[in-house]
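Commentary on secondary and tertiary structure
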There are 2 protein chains.
Amino acid sequence: MKKFVYSFNEGSKDMKDLLGGKGANLAEMTKIGLPVPFGFTVTTEACNRYYDEGKKIGDDIVASIFEKLEELENTTGKKFGDVENPLLVSVRSGAKISMPGMMDTILNLGLNDQTVEGLAALTENPRFAYDSYRRFIQMFGDVVMEIAKTKFDAIFDAKKEEHGYEFDVDLTTEDLKEIIVGYKALVKEEMGRDFPQEPKDQLMEAIMAVFRSWNNDRAILYRQLNEIPDSIGTAVNVQSMVFGNMGETSGTGVAFTRSPVNGEKAIFGEFLVNAQGEDVVAGIRTPQPIAEMAQAFPEVYTEFTRIAELLEKHYTDMQDMEFTVERNKLFMLQTRNGKRTAPAAVKIAVDMQSEGLIDKETAVMRIEPAQIDQLLHPMFDAEELKEAEKLTKGLPASPGAATGQIYFNASDAETAVANGAKAILVRLETSPEDLAGMVAAEGILTARGGMTSHAAVVARGMGKCCVSGCAEIKVDEEAKELTIGEYVFKEGDYISLDGTAGDVLKGQIKTVPPELSGDFAEIMSWADEIRTLKIRTNADNPRDAKQAVEFGAEGIGLCRTEHMFFEEERIPAVRRMILADSEEERREALKFLLPYQKGDFKGIYEAMGDRPVTIRLLDPPLHEFLPHTDEEIKALSEQIGVPYEKLAKKTQELHEFNPMLGHRGCRLAVTYPEIAEMQAEAIIMAAIEVRKEQGLDIIPEIMIPLVGMRKELADVKATVVKTVEAVLEREGVKFDYLIGTMIEIPRAALTADEIAEEAEFFSFGTNDLTQMTFGFSRDDTGKIIKEYREKGIFDDDPFQSIDQVGVGKLVKMAVELGKQTRPSIKLGICGEHGGDPKSIEFCNAVGLQYVSCSPFRVPIARLAAAQAAIKQK
Amino acid sequence: MKKFVYSFNEGSKDMKDLLGGKGANLAEMTKIGLPVPFGFTVTTEACNRYYDEGKKIGDDIVASIFEKLEELENTTGKKFGDVENPLLVSVRSGAKISMPGMMDTILNLGLNDQTVEGLAALTENPRFAYDSYRRFIQMFGDVVMEIAKTKFDAIFDAKKEEHGYEFDVDLTTEDLKEIIVGYKALVKEEMGRDFPQEPKDQLMEAIMAVFRSWNNDRAILYRQLNEIPDSIGTAVNVQSMVFGNMGETSGTGVAFTRSPVNGEKAIFGEFLVNAQGEDVVAGIRTPQPIAEMAQAFPEVYTEFTRIAELLEKHYTDMQDMEFTVERNKLFMLQTRNGKRTAPAAVKIAVDMQSEGLIDKETAVMRIEPAQIDQLLHPMFDAEELKEAEKLTKGLPASPGAATGQIYFNASDAETAVANGAKAILVRLETSPEDLAGMVAAEGILTARGGMTSHAAVVARGMGKCCVSGCAEIKVDEEAKELTIGEYVFKEGDYISLDGTAGDVLKGQIKTVPPELSGDFAEIMSWADEIRTLKIRTNADNPRDAKQAVEFGAEGIGLCRTEHMFFEEERIPAVRRMILADSEEERREALKFLLPYQKGDFKGIYEAMGDRPVTIRLLDPPLHEFLPHTDEEIKALSEQIGVPYEKLAKKTQELHEFNPMLGHRGCRLAVTYPEIAEMQAEAIIMAAIEVRKEQGLDIIPEIMIPLVGMRKELADVKATVVKTVEAVLEREGVKFDYLIGTMIEIPRAALTADEIAEEAEFFSFGTNDLTQMTFGFSRDDTGKIIKEYREKGIFDDDPFQSIDQVGVGKLVKMAVELGKQTRPSIKLGICGEHGGDPKSIEFCNAVGLQYVSCSPFRVPIARLAAAQAAIKQK
């Protein structure tokens, strides 16, 4: 028969799935002989059965609970409901993954009208006993019976007022007894039944209440935010009570074996004399630093430091502990691996390795890759952030923290910054004309647009904080008003953005700059030793490229060429090209652009040195380069001297119902080969010149986007090869170059064996591949994805972490089919997923050779790639 | 060693791939002892080698040609270049698939300054000899040397003028000799070399010219239009000349063994006395009906009818023959299976079966499924069509022929029709408001929108002719002008539309109504016996449903519910629903719609009787139901009393960058379950009432669209099941119903094993599946697809015939994965491909159980399904 209840001496730390984190660690501490109040754990499987059986606990489980309860009575020598020596227990939830404060706890269970007197006699402290009973009824009423806390508070406060007391401690034993009468009457009134006097009934109700709390709104939301599956359930820990509030020889505290803030090796924490755990949390009294415990309880402190050291060695990780001192005796109530900031994580990992506690691989595994981001961008001051009001959440488009006054267009933002302000640019969505404003601003907030929108891509390139696609905000650019829920912000009002989390916050919050430690360099060098995946970057200008190299990028996996088309001196030529009536006219405009493009590529090659550079041919639909509103068209018409009618007509002609699926990517190059010719010439001429000038061995990789069919690639490839060969011959030089393609259309993945006949490399464009495989336009489905996550249809946002089941299947197919045709094919990924740790693990597993991500994610990718390599061993 | 040249006595009719159609049939006729002038065929493989080797003929092939030439000389007893008895040959192209008039022919090859005199002596007809030589130089100059025909004509006409001749026959031998001198001078001037006098040089040049003609513009275009692969190449037939122009005992003609127009069993055709084949084609003299040959050449005629009968029996198909009579001797120059109209095809197949010539399966295979369409819709009068000017081509959105005056909006069209006109509605694109105008019009022409655009879908439902997405036309709705190339048509001008081909034609063309023969019913009944695929229809109203049943539909595979939302009385409620601020308000509007929807479904159930009906829940994005231009919004605002600002804001909120990939399909039902609830209730209530009222055993099939994930389907399914069960319980009845899904998102196909856990049936929506698998928006890529077909990137338009390699791979995967999870799963297709014969063959092969297509394609699908079953045996 399956075992649903375990005594603390029956489990171990490896049983977290079954006992939850807290239960498993209590068992472990018991096993290694530490002073833990005895108890037992009802398993997570019991919780799942509770739900499966329609929120009922099976008779066999009830029987097991009572069996373990009897064992507990025997061990403690106390008895449930015994007036002389009553057994009191705490009932606490404990899932496999810690969800602090999300679920409910009940203390002092076992008290009733009789046992309270026994407790009073035993402790010789009636006030303590009745206060404990009062607290128990209140907690039970709240958690189990779901009676509003405020109703209990009203009775309590009325009693204080009646006597004119200022503090809770002013209440006498008699007062507390009267409050208990009031509480019990409230329960009767609310529930139509008496407060349960039978401790076993109290226990079973409490256990079920903990099970129920697994699905309270807070818990569900927490799981969603932290990507914890709903299916794992919670365990329940029933533990005999110890009291830290039994006078000056008692106390309670929490401590870490190393600093969770900076990683310093020393015991950090706080304790409170004569208090129960909840008092520490409630913050009514200010706790003392743990070091002062050495004075207050010297022997206990020595014992505690010994245990702390032992636990850290035992778990080989920094521990976060809870303890209680009852009449000079130390009891351990919890230990777990402590949460820590990114700097602390790095220092602890490096220190523990040099102390010989862990090896390099373990050290590398100890850093959460996503945390690394904190080290590279400005962060909010932790204290101020605690106080800040979170207004809403958008997409975490570009990490970092920003605070400033809001402006609704680029020029207002620029002017404000010129006058010394810090600006946050707030737009419905950004366009290339906003570029100067984006450069000036501290951060960017947009209502529309996904993780690959203009705002997101440009901001990430700059390493500038951006929250995009924030569906719940309303931006009125004309009225210069930003509405979020009830709040209306006007130009000049302060807001703050957390681009790492996607949060929008009210008011100003101090930011602190990043500082990279030697420990960081150390751990990254270990990561580099371990990983087999190469890390490239997505960069389309020398500045980003240099930044990425500093962060450890080993090449460029995606150099987009379209941003270069938007620059002020060039855009008129780009527009002339688009508006051309003949191929000749188009070639004329392209001729003008050629030296600019060549210059772009030279700058990038120089920044990258000998590292490989993949350059993608023009990708977006041409209408993106034209104005859209009537006014803009009129303005442009005057500016470039093309009749309004012609411009308007062309704009209308180029209009597409679904531009994502329209005339873009290699389709442009099929229709207008002369554009691809110009780009190919610029790519090769730049390589020729940099090879000559710098002696660098540049092997350009030319990438043809949006390919769906072999013949389509063959067509564009023929254009490119013809141009390249002609240039090489003209210039009298010879060197290698590669021609490959994006795999971003489902059909390309499905027919990758055919495509590989033409392609020397595949670069998975998993942004578009995800859009088309799901039929989800990222720019349009922000709200839907949110709703899907709330409903549990999506566990993860598939645009943040690759959908391994669907999109991943296509990637796997393409890898296998591609290798089948061309065993030497180069395989990489250049979609946003290239910077996501989970996706990197997937890329490693399916056999890609590199991932490419934005410069600021390069260190994350290096670490994640190392972790993937370790896990895959 | 590979054989590149075959004498006529070495081949057979089964060698068409190698010898081309003409060559294989010449060989076959030779084999069965018919009088065929001897010759040889240079193979299609030689043609492909010619291209592979850079437009050169390999030495080995040249040697083989000369070897066969020698054999020809031996057989005929004539010699190339022999002045006494010169061998003259024709050189003709002949691909595997006939491409009439598309490639070039050279007659009288072998003539030079010497042999012409020999021919004169031999025929005792110097004028004939010199005229032949003159024609040969002209043809050779045109075809081989590419000298403009007009230059030859100028010399010829000058000579006629010089002597004041009216007719060509007035030219004397001397005149012809002088013309020849002029021609040769022209050649020398144009080519810088003399006209080749060596017959072997003439021959090799002519053969290469035929190879080259495979890739002339006409031939390429023809292949594109007729979906003939470029790779098959053409053969070249070299045949000793016979002359039908040797006086009154000679002649030439073409004939069919049965009428190609109506299938009547009798020899049909024409002949000309004293003429060469080209004279018949040139139409200078009017040929006589073939029957009159009985008088002119009684013996030859008897011989010819014997041969015709023999050939028909030999080929067991109606033959299209060419022959020449040289001095009372009959020579067969060609035979092939004759092209025929749809009515002729049906009659010939049925007649031949009853004559015992062929079996039922062969008869069924003899009908081109696409031809069937001609039988169901009005057609153009064949004679008038010949004269008509084709202006441009759009998408063949809905078959049939229409002629009428053009109107640019629905109300103008309605008014004109009310006044007795026949109208063609011309729009940029249609919207639901155009419905009345579409009903009134004879046909619809749109500049934008694909095969699944509003215009196309609605027109097909009505069986009304429609050409959509006609990218080359310019429609100015305000100015009421239609521009096509050079032509500008104004309101009231006549145009004609061929919806079967997608052609737009100038002026009025008489149309003739369809008439279904008993033969047609016969052949369709044979098809039904043979096929295993079921044929359903796409219909969303009782009228279409009834029509489809008449055409043999066995159920509805796709009943769209969105069109019902557009009807005049309902659209206000639909808009109220969309504009609702609360779920309550939305439910209120839905309550109003419920009885209408129920009525719709009752009508459809009644029309379909016991046949299964699959109803799809609401699919399009909600903004499709709202107006978009400022003016329309203002008008609606006044009409329904919702403030303009609110309406405008909502419209803007609902705006999507890529609606195809936006908030539609099951995503609507996830967000607004109340819509799905209303539809589910209507579906079930209608079934309950029709079961009661009519005693029909209706088992509704509820289809959830655009599913990509199992959980998404599970969510909507839960909503539907809850509603249905509640209704059944409320009404106290019980019957089966099915819940299934469209497979139209690539991810659904990739994860079909998971989806099948929830779905009782899959219906492949290959329109959207193709769009997303290719990343091609059908509404936007008409021009691109055209260009891709011209460049040979696409062999077929993947929206017309399923892309078996890519999209088909997904379909196959989904079928296999679906069956793996649920062996009993029902599998069908409801995309446009369901009516395309090639795609039907694919569906049959991958194991679908039914295809569903628009009513007018049901007979085509029945026939195609039978042919698929036969082929798959």
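Residues numbered from 1 in each chain as written. Chains lettered and ligands numbered in written order. Predicted model: local features only at pLDDT ≥ 70, side-chain atom pairs only at ≥ 80, totals over all residues. Heavy atoms only, no water.

Here we come to the UniProt feature "domain: Pyruvate phosphate dikinase AMP/ATP-binding" (unreviewed entry) in chain A. This chain's UniProt record puts "domain: Pyruvate phosphate dikinase AMP/ATP-binding" (unreviewed entry) on residues 63-290 and 302-355 of chain A. Here residues 302-355 of chain A is 50% helix and 31% strand, with 22 Å between the C-alpha atoms at its ends. (UniProt positions renumbered as here; feature names shortened; annotations may be inferred. Helix = DSSP H or I, 4+ residues; strand = E, 2+ residues; numbered from the N terminus.)

Here we take up the packing of helix α6 (residues 149-163) of chain A against helix α7 (residues 173-191) of chain A. All names here are of chain A. Two elements in contact, α6 and α7, have axes whose closest approach is 10 Å; the angle formed by their N-to-C orientations is 150°. The angle between α6 and α7 falls in the class roughly antiparallel. With respect to the hand of their crossing, α6 and α7 are arranged in right-handed fashion. In this structure, α6 contributes Lys151, Phe152, Ile155, Phe156, Lys159 and His163 to the contact, and α7 contributes Asp175, Glu178, Ile179, Gly182, Tyr183, Leu186, Val187 and Glu190. Of the residues that constitute the contact of α6 with α7, the class distribution is seven nonpolar, two polar and five charged. (Axes fitted to C-alpha atoms, helices over the stretch in contact; angles between N-to-C directions. Parallel < 35°, antiparallel > 145°, perpendicular 65-115°, else oblique. Left-handed = near helix turned anticlockwise from the far one by under 90°. Contact = heavy atoms within 4.5 Å. Nonpolar A, V, L, I, M, F, W, Y, C, P; charged D, E, K, R; others polar.)

Bringing the sheet that holds strand β13 (residues 395-398) of chain A into the picture now. Across a sheet, strands are paired by hydrogen bonds formed along the backbone, either parallel or antiparallel in direction. Residues and elements named next belong to chain A. What the eight strands build is an open sheet, ordered β12-β22-β21-β14-β15-β16-β17-β13; its pairing is mixed. On the outer flanks of this sheet lie β12 (390-393) and β13, each paired with one strand and no other. The sheet shows a mean angle of 30° between the axes of neighbouring strands, direction not considered. Judged from the three bridges that link them, strand β16 (residues 443-446) and strand β17 (residues 465-468) form a sheet pairing that is parallel. (Pairing = 2+ DSSP bridges.)

Okay, the relation of the copies chain B and chain A next. Laying chain B over chain A is done by rotating through 179° and shifting 0.1 Å along the axis; what remains is an RMSD of 0.3 Å. What the superposition gives is, in effect, a two-fold axis relating one chain to the other. Taking C-alpha positions as the reference, the residue of chain B nearest the rotation axis is Asn658 of chain B, at 2.0 Å. (Least-squares fit on C-alpha atoms with pLDDT ≥ 70 in both.)

What the rule picks out here adds up to 147 salt bridges over all chains. Arg134 of chain A is the salt-bridge partner of Asp131 of chain A, the closest N and O atoms lying 2.9 Å from each other. Taken together, the residues span about one helical turn, with Asp131 of chain A and Arg134 of chain A both in helix α5 (residues 126-143) at a distance of three residues. Between Arg587 of chain B and Glu583 of chain B there is a salt bridge, with its nearest N and O atoms 3.0 Å apart. Taken together, the residues Arg587 of chain B and Glu583 of chain B, both in helix α24 (residues 583-608) and four residues apart, mark about one turn of the helix. (Salt bridge = Lys/Arg side-chain N within 4 Å of Asp/Glu carboxyl O.)

Okay, the packing of aromatic side chains next. By the definition in use, this model includes 42 aromatic pairs over all chains. With a centroid separation of 6.4 Å and 80° between ring planes, the pair formed by Phe762 of chain A and Phe764 of chain A is classed as edge-to-face. Looking at Phe762 of chain A, the relative accessible area reads 0%, which means it is buried. The exposure class assigned to Phe764 of chain A is buried, which follows from its relative accessible area of 0%. Between Phe551 of chain B and Phe856 of chain B, the ring centres sit 5.2 Å apart and the planes meet at 65°, which makes this aromatic pair edge-to-face. Placement of Phe551 of chain B in the loop between α21 (542-550) and β25 (556-559) and of Phe856 of chain B in the loop between β31 (850-853) and α36 (858-872) is noted, with a sequence separation of 305 residues between them. Judged by its relative accessible area of 10%, Phe856 of chain B is buried. Every member of this aromatic cluster is reached through a ring pair, and the members are Phe774, Phe776, Tyr788 and Phe794 of chain A. (Phe/Tyr/Trp six-rings, centres within 6.5 Å; stacked < 30°, edge-to-face > 60°. Buried < 20%, exposed > 50% of the residue type's maximum accessible area, 1.4 Å probe, protein only.)

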